[in-house]
Structure formats: structure tokens, C-alpha cells
Amino acid sequence: MTPTRLSARLRTRARARTALLCAALLAATVQSTAVAPAFARGPGHEERGCVKTQGHLDNRAREVLDITRKAKDELHLKAVELRVTLDGKDVLTDALGESMTNVPAEPDMHFRAGSVVFSYIGTALLQLVEEGKVRLDDTVERWLPRLPNARKITLRMLATNTTGLHDYVTDPAFLAELAAHPFRQWTPKELVGYPLRHPFWYAPGTSWSYSHANYVLLSAALEKITGSRIDKLLEQRITGPLGLHDTQNNFTPDIPRPVLHAFTSERGTYEESTFWNPSWTTAPGAVITTHICDLARSAQAIGSGELLSHRAYRTLLNPRTVGLGGATRTCPATVCLKQTPVFHFGLGVIIVNGWVVQNPSFSGYAAIQAYLPSDRLAIAVSATKTATTPDGNMAEQIAKRIADALAPETPLTAA
């Protein structure tokens, strides 16, 4: 494949991944006393860890498992891990397929969680606001003095993707470099440099468009505001209090063992991508890995606003983004996506028909965490690919099917 064709292919897929941030997913379910929770305690009250649901499965658990098995086959997936909880209690935890050839997938295997960290950063920012450390509408020139429009861009705009900055993940020049050098270590300056080569899509705060650069910059601002590295800040404020002991930052491409391996055809050949360098995905200190049990717990905690006041939680769900977006003379509708009550970007989360969602997808990994506050239902899915898996986030597709079955009146879709 020529570099031109490869860049076009990667650019198309990157746009598809960005569009997937607007997709919807997930469902509802009921707990049965006949099913032992994945974190069941044995003698001495020691946690057994993240394991498959033990004992007899009730009807809903069997239905979720049947849906997942069928989807795995139809979507040609290599592995699928899932956990569904109701009010924090296990409905089903399982893992299907293989991590590598002849190595079965298990629920405690770690995978890259990408944009899930944005929900943590957004929650931490709201905590700082509640504590009076900053205001959401503070402009960022004191922390990011070299950023163009720093006197017009606020913390709220960085957190809600309303700055007008281009997204480097859809920049052809960036995509070509990423394809040629998947093990490259990227710096924040290099990443933000790509959007700054372009004029802003619109005046800050006047529309909406997704850009990974916003969270690279917001992380840098939070480090200056608090005097703490972003990994330490998130551990102190989010993962520690929530007991997400298997969710952590990694400054290198390493992944804690055991590992769910990833594979992709993004560069034209089906190849292993597990240890491609993820430094481009966000700011250093916020490049996280997790397992499926932590992801379900994360969905519940973030989606319910467990770490926030009621007022801050309302802001998380709609920080004045509804009504923004839409095509203009300078920004196409495919970039400036219309933000509606049914679908909009919150403060580090995506709101889809009442579900609170994050849905990372990159370098062969795909996942979703989704929570339906009205039903106290959490769904977490992680999926890896074979050579014939369709493009897109297949974890979303599985979650959508589960949602259609268990919460048919509240589908995980904006349609």
C-alpha cells in the first residue's frame, strides 16, 4: 500500500473513530441471588479478584452471555470481555475468545482504556471548582500563556471541547507519522503543534468540535493549578477513592500483567499492536490501563456522580454544550457536530439518550463504559479484533445489543 493510500485509509478510520464518540450504546438488567458476584469474598474475607461469574446464571445473565457469544461470532472478534452490574452488584462477568493463540481471555486481563481518563479529568476539575480552587470560566493564560487565544479560552472550554482547536488525530500529517512510527514517544508540545498549524474552527466557546488536544492542554493546566502530576492527582481524587486498584497510568508502552493482547489492520497488514506506544492518546500521566471489573465500577461511579455534589453532577452531564455545534461557513457538520439533549458531550463524558458514556477505540483496542442513572445499570465491554473484524468500535456494537435486550425503552443510541 502506498503512503498516500495508507494516509487516506487511516484518515478515514480516524474520522470514523471521532464519529463513534457520537454513537450510543448499552442497557439494563436485574440481579439474581443465584449468581455469585465477580468480587465474591471467601474465607478470611479476601477478594477473589476479577473473575467470571460463578454459579448458576439467571435468565438475564444467560441472555447477556448469548448475545455476546453471537456478536463475537458475527463481528469476527478475537476476544470479548464484559461486565454488567445493577446497583453495583454483579449480573454477569465473563471473557470469551483468546488473548493470543491458545491463550484464553480472562476478565482480569488489562487493556488500554484511552478516553475513559477524560471522565476522570473532568470529574477532578469539578471537584477543584467545588473546593474554590478555580472557576470553570477562568481563562487559561496564567497556566498556558503561550496558547493562542489563551485569554479567551476557559477551563470549561477545554473540558467540553468548545475551544475551536483542530484534532491532531484527524490531521493527515500526524496520521502519516503515526503509521510510519507506531512506537514513537510523543510529547505534549509535538501533539498540540499539529492543531496550532491550522486556524481555529470557530471563536472559542461558540460551537463544539472534538479535539484530543483539549485534554492534553487541560491536563497541563491542572498540573499547574494543583502542583501535582496528573497521574498523582487522578490517583488521589478518582481511582484511589473508587478502589480502582487495577486502573493506572503508564509512562511507557508496558501494560501490567496479565495482558489482553490487541491486533489491528490499520497499517494494511494484520499485526499485533499491544505494545504500540500510546503516548499520543493524551497527556503524559493520563495514559491508563484497566480491566473489565474496574471499567464497570468506573462506569457506575462516574455515571452516578459518586464523587461530586448534585450541582457539580448536573454540570458534568450538561456543562452548557446543548445547542452548540452545527455546520457553519468555516466548520463542516462532520466536525462541528450538533449537540442536542439526546446526544451531547458533557464534561469529559458523552450523554446518549440518558446514558453516561466513554468509548475508547485505538490501535486494535475497543471498549465502552456506560451507565444508565435511572436504572443504576452499568455495562462495560472490551473487544479485540481478528483480520476480518469490521472497522469501528465493536465493543459499542455489543453493548448496544445488550442494551436493546435489557433496556429496550432506553436504547443506547441517539437515533
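The structure displayed is predicted, hence computed values, not measured ones.

**Focus on helix α10 (residues 310-317)**
Phase 1 of the analysis: Turning to α10, its buried residues number three or more, namely A312, Y313, T315 and L316. End-on, the buried residues of α10 take up no more than an arc of 160°, which puts them together on one face. Opposite the buried face of α10, by more than 90 degrees, sit the exposed residues H310 and R311.
Phase 2 of the analysis: Packed against the buried residues of α10 are α3 (116-130) and α9 (292-304).

**Remarks on α3**
An α-helical turn contains 3.6 residues, so a residue and the one three or four places further along point in the same direction.
Phase 1 of the analysis: For α3, with 15 residues, the first-to-last C-alpha span of 22 Å sits near the 21 Å given by 1.5 Å per residue.
Phase 2 of the analysis: Looking one or two places after α3, you find G132, whose phi comes out positive at around 80°.

**What about the pairing of strand β13 (residues 365-372)?**
Phase 1 of the analysis: With eight of eight residues buried, β13 lies mostly within the body of the structure.
Phase 2 of the analysis: Covered by surrounding structure in β13 are Y365, A367, Q369 and Y371 together with A366, I368, A370 and L372, the residues of both alternating faces.
Phase 3 of the analysis: Looking at chain direction, strand β11 (residues 355-358) and β13 are connected through three bridges and run antiparallel. Directly across from V356, in β13, lies its bridge partner Y371.
Phase 4 of the analysis: Here strand β12 (residues 361-362) runs beside β13; their pairing, made up of two bridges, is antiparallel. For S361, the partnering residue across the bridge sits in β13 and is A366.
Phase 5 of the analysis: Hairpin remark: β12 followed by β13, antiparallel, with two residues in the connecting loop; positive phi at S363, about 50°.
Phase 6 of the analysis: Of the strand pairs in this sheet, β13 and strand β14 (residues 377-385) are connected by eight bridges, and their pairing is antiparallel. Looking at β14, one finds that Y371 is bridged to A378.
Phase 7 of the analysis: Hairpin connection between β13 and β14: a loop of four residues separates the two successive antiparallel strands, and R376 in this loop has a positive phi of roughly 55°.

**Examining the packing of aromatic side chains**
Phase 1 of the analysis: Evaluated as defined, the whole model comprises eleven aromatic pairs.
Phase 2 of the analysis: Look at F174 and W186: their rings are 4.9 Å apart centre to centre, the planes differ by 55°, and that puts the pair in the tilted class. Pair noted here: F174 is in helix α5 (residues 172-180) and W186 is in the loop between α5 and α6 (188-193), with a separation of twelve residues, a long-range link.
Phase 3 of the analysis: Through successive ring pairs, a cluster of aromatic residues spans Y168, F174, W186, Y194, W280 and F362.

**Structural notes on the sheet that holds strand β4 (residues 111-112)**
Phase 1 of the analysis: Read across the sheet, three strands follow the order β4-β8-β5 without closing on themselves; strand pairing throughout is antiparallel. Bordering the open sheet on either side are β4 and β5 (248-249), each of which pairs with just one other strand.
Phase 2 of the analysis: In the sheet, β4 pairs with strand β8 (residues 288-290) via two bridges, with the strands oriented antiparallel. Within β8, the residue paired with R112 across the bridge is T289.

**Examining the state of the cysteines**
Phase 1 of the analysis: Applying the stated criterion across every chain, the model contains two disulfides.
Phase 2 of the analysis: Residue pairing for C50: its cysteine sulfur links by disulfide to C293, the two sulfurs lying 2.0 Å apart. Disulfide C50-C293: the torsion about the S-S bond is 80°, which places it as right-handed. Of this pair, C50 sits in the loop between α1 (3-20) and α2 (59-74) while C293 sits in helix α9, and the two are 243 residues apart along the sequence. This pair shows no difference in class: C50 is buried, exactly as C293 is.

Definitions and cut-offs
Residues numbered from 1 in each chain as written. Predicted model: local features only at pLDDT ≥ 70, side-chain atom pairs only at ≥ 80, totals over all residues. Heavy atoms only, no water. Buried < 20%, exposed > 50% of the residue type's maximum accessible area, 1.4 Å probe, protein only. Helix = DSSP H or I, 4+ residues; strand = E, 2+ residues; numbered from the N terminus. Arc of directions from axis to C-beta. Contact = heavy atoms within 4.5 Å. Expected span 1.5 Å × (residues − 1). Pairing = 2+ DSSP bridges. Phe/Tyr/Trp six-rings, centres within 6.5 Å; stacked < 30°, edge-to-face > 60°. Disulfide = S-S within 2.5 Å.

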